[in-house]
Amino acid sequence: MNEQALQTLKTYFGYDSFRPGQERMVGAILAGRDALGIMPTGAGKSICYQIPALMLPGITFVVSPLVSLMGDQVRALKAAGARPSYLNSTLTLAQQNTVLKRAEEGWYQIMYVAPERLADPRFLAFAQRAAGEGGIGVPLVAVDEAHCVSQWGQDFRPAYLQIASFIEALPKRPVVAAFTATATERVRRDIVAMLGLEAPEAVVTGFDRANLSWSVEELGDKAKARWITEYVVAHAQESGIIYCATRKAVDALSAELGLALMPHGIGVGRYHAGMAAQARQESQAAFIEDRLPVMVATNAFGMGIDKPNVRYVIHNNVPESIEAYYQEAGRAGRDGDPASCYLLWNGNDFRTRRFLIDRDPEDDELDEEQREQARMNRYRLLRQMEGYCQTTGCLRNYILRYFGEEPAGPCGSCGNCDREFEEVDMTAQAKWMINCVAELRGRYGKAILFGTLQGANRARLRELGAERFKSYGRMKDTPRETLERLLAQLLGDGYLVQSDDQYAVLHIGDIAPLKAGGQVLVKLPPQREPEQARAPKPKRRSPMDALTSAGLELFNQLRQLRFDTAQREGLPPYVVFGDKSLVDMCLRAPRRAEDMLGIYGMGERKFAKYGKQFFAAIEDYRREHPEAEFTDA
């Protein structure tokens, strides 16, 4: 590996080695090759373009849709001793002019821009001058959240379609590198084609976030709030995000939690697009700065925020897709330490999601056919999410298979792997369900199917003449939840097939194995009322568990020093040092200032800026507590 790249990594970021995948990506870019990185949240995608940007002459453009990420990463890079900038709508016209002037003079090594900025004639002219003869040079264009270029992804942004034409308009083509945490094989092909990547070095590090545990709970709406309250109280010292599907749900849950948690001294923030901009900013800042441990938000919150010490993410409602869930839940445990992801759901969640898909305003940038295609795709993605909620198999494996990976076996640590299921032979019921689909002639979805099997007295069923079907009422005593699981099993086995359109019509698949004597075995969870579910007690080990009592006391002192330093400099605390670095300081409790360079994440620039004051705090603690014992001291 390029020794200079390793030295750059150590100097700016304090790491002695690259994480899996980073080395190949950095090496390819430095060798002048296009690159495609599919790397999960927390795997260090940004390092892959930041290291080349700090090494190559000229200015690197990073295309990102996330304004908050731009600000966060620019602050973090400045703290590390780099020369970054960003250009987006938060800057006034005068500020934008200043940034462009300084960029052209060679002040910056890296510039973050929104995709919409690429169509601005003023920015294009600047980029062309920079990349042209006598310009400062544009060695690299990095595209973050590259899945946004594909209509098959969950976050399609038409502005991303302009990236390829922007690159073509430059006098000299730069290296192009694309990055995303979530991309199926179909989306990956779209990224390569639509960004015009030329024989890219493709690095897929895998989608498994080994430090995250996954759990699903089916709960009534009232039980959800009680479950969340119990969980937050049991994890009062931790930072967490609770996602809701709508602004109304955020307001209601944050108010209820605020009252319930007030006696425990736990503050609750809220965040959604309906709030005033200043209120949103204040709420986000309080969470990032560890002044508010709990944030209740829509999915508008958290995009691009690098806060590393989020220990849990709870979804109070079902997200729209596996990609969206993976990205939102993936905001937990970015520091690599154990974290928990919980999805609480019920049937109302899916009704709400379908309503939101149907009522979304039309996108003027898409024609009618494209809008309909996008809507059908959203329904397809939602059905994959429904399968995740209802599966009795390994949750981690469900996610991995969705992204095209074939796991070796169950993870043994997710909510389903930890749960006792009863395996029931439902072959007879399965045959009646298939028979009912046949009687419905493959024209209807599961609402009509279940209503017929349960013998419901509904006008729509009478119109269809369903009461004359042989299957009518054959499963009248079977709970809806059991019917859902049976249907999921039949779809999984291929005995039934579901269409990809809005109505999810059911058809008969290959039933030959069943006719040949095959069995349909369905795993059912233990019988309990949804309202009876209890939040799990803490069982996840914390990195701080390794600290002695003295080490824990020192950690709290260093955390306060970090907070004061961050407040003074207008930075998030984790930009000064992450929790992992503070824990390492308390484990080692260095006796010499130069030994601080061995602390996790302690680069030379960061040591020069912050290292001495933190070492002084450790020295003071040692002097005041001469008998204190530290692990690894």
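The structure this text deals with has already been given above.
Residues numbered from 1 in each chain as written. Predicted model: local features only at pLDDT ≥ 70, side-chain atom pairs only at ≥ 80, totals over all residues. Heavy atoms only, no water.

Turning our eyes to something else, we now look at the overall build of the chain. Regarding its fold elements, the chain presents 24 helices and 17 strands. By sequence separation, contacts in the chain at least 24 residues apart represent 73% of the contacts at least 6 residues apart. Total accessible area computed for the chain in this model is approximately 27800 Å², and 49% of it derives from carbon and sulfur atoms. (Helix = DSSP H or I, 4+ residues; strand = E, 2+ residues; numbered from the N terminus. Contact = heavy atoms within 4.5 Å. Areas by Shrake-Rupley, 256 points an atom, 1.4 Å probe, with all protein chains shown as cover.)

Spatial ordering of the open sheet is given by β3-β4-β2-β5-β6-β1-β7, a layout of seven strands whose pairing is parallel. This sheet does not close on itself; its edge strands, each paired only once, are β3 (84–87) and β7 (201–204). Each neighbouring strand pair of the sheet contributes to a mean axis angle of 15 degrees, computed without reference to strand direction. Where strand β2 (residues 60–63) and strand β4 (residues 110–113) come together, four bridges link them in parallel fashion. Among the inter-strand pairings, Thr60 is bridged to a residue of β4, identified as Ile110. Its contacts with the sheet place helix α5 (residues 93–104) against β3 and β4, and it is angled at close to 135 degrees to β3. (Pairing = 2+ DSSP bridges. Axes fitted to C-alpha atoms, helices over the stretch in contact; angles between N-to-C directions.)

The parallel open sheet is built from six strands, whose spatial order is β8-β13-β12-β9-β11-β10. On the outer flanks of this sheet lie β8 (212–218) and β10 (268–271), each paired with one strand and no other. Direction aside, neighbouring strands of the sheet carry axes that sit 15 degrees apart on average. Of the strand pairs in this sheet, strand β12 (residues 310–315) and strand β13 (residues 339–345) are connected by four bridges, and their pairing is parallel. Across the sheet, Val313 pairs through a bridge with Cys341, a residue of β13. Lying over the sheet, helix α14 (residues 368–390) contacts β8 and β13, oriented at roughly 105 degrees with respect to β13.

Attention now moves to the pattern of salt bridges. Pairing of side chains with opposite charge becomes possible as their charged atoms draw close. For the structure on display, the rule yields 32 salt bridges. Ionic pairing is found between Arg270 and Asp251, a salt bridge with its closest N-O pair at 2.6 Å. In this pair, Arg270 sits in strand β10 while Asp251 sits in helix α10 (residues 247–261), placing the two residues 19 residues apart along the sequence. Judged by relative accessible area, Arg270 falls into the partly exposed class, the value being 32%. For the salt bridge of Arg460 with Glu463, the shortest nitrogen-to-oxygen distance reads 3.0 Å. Here Arg460 and its partner Glu463 are both found in helix α18 (residues 459–464), three residues apart, which amounts to about one turn of the helix. The exposure class assigned to Arg460 is partly exposed, which follows from its relative accessible area of 38%. With relative accessibility at 60%, the residue Glu463 sits in the exposed group. Here the salt bridges share partners, and the residues they tie into one network are Arg354, Glu386, Lys446, Arg480 and Glu484. (Salt bridge = Lys/Arg side-chain N within 4 Å of Asp/Glu carboxyl O. Buried < 20%, exposed > 50% of the residue type's maximum accessible area, 1.4 Å probe, protein only.)

The next point concerns unusual backbone geometry. Phi is positive for Arg441, which is not a glycine, with a value near 60 degrees. Owing to a relative accessible area of 64%, Arg441 belongs among the exposed residues under this scheme. The backbone of Ala589 sits at a positive phi, close to 40 degrees, despite the residue not being glycine. Among the structural elements, Ala589 can be located in the loop between α23 (579–588) and α24 (604–624).

In this section: the pairing of β7. By the alternation rule, side chains of β7 split into Glu201 and Val203, which are all buried, and Ala202 and Val204, of which none is buried. Pairing of strand β1 (residues 35–38) with β7, which is carried by four bridges, proceeds in the parallel orientation. Each residue of the ladder has a partner; that of Ile38, found in β7, is Val204.

Helical geometry note: an α-helix holds 3.6 residues per turn, so side chains three or four residues apart project in the same direction. Taking 1.5 Å of rise per residue, 13 residues should cover 18 Å, and helix α13 (residues 347–359) covers 19 Å from first to last C-alpha, within 8% of that figure. The complete set of buried residues in α13 reads Asp349, Phe350, Arg353, Leu356 and Ile357. Down the axis, α13 shows its buried residues gathered within 120 degrees of arc, on one side only. Of the exposed residues in α13, those oriented more than 90 degrees away from the buried face are Arg351, Phe355 and Arg359. Buried residues belonging to α13 abut α9 (221–234), β13 and α14. Of the residues flanking the start of α13, the one acting as N-cap is Asn346, its side-chain oxygen 2.9 Å from the backbone nitrogen of Asn348. (Expected span 1.5 Å × (residues − 1). Arc of directions from axis to C-beta. Polar contact = N/O pair within 3.5 Å; in protein donor to acceptor, adjacent residues only side chain to side chain.)

Look at α9 against α10: their axes get within 10 Å of each other, and the N-to-C directions meet at 45 degrees. Between α9 and α10, the crossing angle belongs to the class labelled oblique. In the packing of α9 onto α10, the handedness of the crossing is right-handed. Taking contact as the criterion, the partners of Ala225, Ile228, Thr229, Val232 and Val233 in α9 are, on α10, Leu253, Glu256, Leu257, Ala260 and Leu261. For the contact of α9 with α10, the residue count by class is eight nonpolar, one polar and one charged. (Parallel < 35°, antiparallel > 145°, perpendicular 65-115°, else oblique. Left-handed = near helix turned anticlockwise from the far one by under 90°. Nonpolar A, V, L, I, M, F, W, Y, C, P; charged D, E, K, R; others polar.)

As a further point, take the nonpolar core. Counting 77 residues, the largest nonpolar core has Phe61, Met111, Phe123, Ile191, Leu195, Trp214 and Tyr388 as its most contacted members. Looking at which element gives the most residues to this core, the answer is α14, with seven residues. Those residues in contact with Tyr388, other than ones at most four positions away along the chain, are Trp214, Val216, Ile322, Tyr325, Leu343, Leu395, Tyr398 and Ile399. Judged by nonpolar contacts, the second largest core, of 35 residues, contains Ile47, Leu69, Met70 and Ala82. (Core = buried A, V, L, I, M, F, W, Y, C linked by side-chain atoms within 4.5 Å.)

Tallied over the full model, the rule gives zero disulfides. Unpaired in terms of disulfides, Cys411 finds its nearest cysteine sulfur in Cys394, a separation of 3.6 Å. (Disulfide = S-S within 2.5 Å.)

With that settled, consider the environment of Tyr600. As for its position among the elements, Tyr600 is in the loop between α23 and α24. Looking at Tyr600, the relative accessible area reads 30%, which means it is partly exposed. Along the chain, Tyr600 and Asp584 lie 16 residues apart, while their C-alpha atoms are 6.5 Å from each other. Beyond its immediate chain neighbours, meaning those up to four positions away, Tyr600 contacts Tyr15, Arg19, Lys580, Ser581 and Asp584.

Taken as a whole, this structure holds 25 aromatic pairs when the rule is applied. A centroid spacing of 5.2 Å and a plane angle of 90 degrees characterise the contact between Tyr402 and Phe403, whose relative ring orientation is edge-to-face. Aromatic rings pair up to connect Phe207, Trp214, Tyr325, Tyr326, Tyr388, Tyr398, Tyr402 and Phe403 into one cluster. Here the basic side chain of Lys307 rests over the ring of Phe287, its NZ or CZ set 5.1 Å away from the ring centre. (Phe/Tyr/Trp six-rings, centres within 6.5 Å; stacked < 30°, edge-to-face > 60°. Lys NZ or Arg CZ within 6 Å of the ring centre and 35° of its normal.)

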